[in-house]
Amino acid sequence: LTLCEWIESSAAGAIVRESLYGFPALVTLHVIGLGLSAGTIVWFDLRLLGVGLGRAPITRVYRQLMPWAFAGFALMFSTGALLFAGFATSAYANVYFRVKMAAIALAGLNALVYHRSTERTVTEWDTTNDPPRSARVAGAVSIALWTIVVLAGRMMSYTLYSR
């Protein structure tokens, strides 16, 4: 909590809270970053599930979508950090913030497990319409976790910034 108080009292925190356009501009950019990041990740996840883009090799879908996802994540992360600076002590105590952060961490862990294990055999199933169960599970878990991130973020807007 002491660290959160220090972050909130920083110049960045003051700008977010007190600037006429700081908060709305950051929220707008944060939502754009989220849409770009989570939106493109969901397209990839749908391919892993065998639901969409069935004729496209999974490795090609990944190569084409992930630069957009990474750019969106960078925008989402940087604007989220600035938004956190403005309301760090409120976020510290907010259950939806904690759920959102946990879901982001679990989504990262899910991606790590996919890349470290399931993806190692991608050459065997790259062009199939029905990827192996482990790939489908990774895609389904990813979609579920990013849905939780979005919903928890939305709930934060009703509970965190209302002081």
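Structural notes, computed from the coordinates. (Residues numbered from 1 in each chain as written. Predicted model: local features only at pLDDT ≥ 70, side-chain atom pairs only at ≥ 80, totals over all residues. Heavy atoms only, no water.)

Before going further, it helps to examine helix α4 (residues 58-86). The end-to-end C-alpha distance of α4 is 40 Å, a good match for the 42 Å that 29 residues give at a rise of 1.5 Å each. Maximal helix bending in α4 amounts to about 35 degrees, located at leucine 65; proline proline 67 follows within four positions. Buried within α4 are the following residues: Ile58, Val61, Leu65, Met66, Ala69, Gly72, Met76, Thr79, Leu83, Ala85 and Gly86. (Helix = DSSP H or I, 4+ residues; strand = E, 2+ residues; numbered from the N terminus. Expected span 1.5 Å × (residues − 1). Bend = angle between axes of the 7 residues up to and from the residue. Buried < 20%, exposed > 50% of the residue type's maximum accessible area, 1.4 Å probe, protein only.)

Moving on, we get to the packing of aromatic side chains. Applying the stated criterion to the full structure yields five aromatic pairs. When the centroid spacing of 5.4 Å and the interplanar angle of 15 degrees are considered together, the rings of phenylalanine 84 and phenylalanine 97 count as stacked. Residue phenylalanine 84 is found in helix α4, and its partner phenylalanine 97 is found in helix α6 (residues 95-116); the two are separated by 13 residues along the sequence. On the basis of relative accessibility, which here comes to 21%, the residue phenylalanine 84 falls in the partly exposed class. In this arrangement the basic side chain of arginine 98 is found over the ring face of tyrosine 92, its NZ or CZ atom lying 5.1 Å from the centre. (Phe/Tyr/Trp six-rings, centres within 6.5 Å; stacked < 30°, edge-to-face > 60°. Lys NZ or Arg CZ within 6 Å of the ring centre and 35° of its normal.)

What follows concerns the packing of helix α3 (residues 22-49) against α4. As a packed pair, α3 and α4 sit with axes 7 Å apart at the nearest point and diverge in direction by 155 degrees. The pairing of α3 with α4 is recorded here as roughly antiparallel in orientation. Considering how the two elements wind past one another, α3 and α4 form a crossing that is left-handed. For the contact of α3 with α4, the residue count by class is 23 nonpolar, seven polar and one charged. (Axes fitted to C-alpha atoms, helices over the stretch in contact; angles between N-to-C directions. Parallel < 35°, antiparallel > 145°, perpendicular 65-115°, else oblique. Left-handed = near helix turned anticlockwise from the far one by under 90°. Nonpolar A, V, L, I, M, F, W, Y, C, P; charged D, E, K, R; others polar.)

With that settled, consider the side chain of lysine 100. Following the sequence through the fold, lysine 100 ends up in helix α6. At 16 Å, glutamate 8 is the nearest oppositely charged side chain to lysine 100, a buried residue that forms no salt bridge. (Lys, Arg positive; Asp, Glu negative; His and termini not counted. Salt bridge = Lys/Arg side-chain N within 4 Å of Asp/Glu carboxyl O.)

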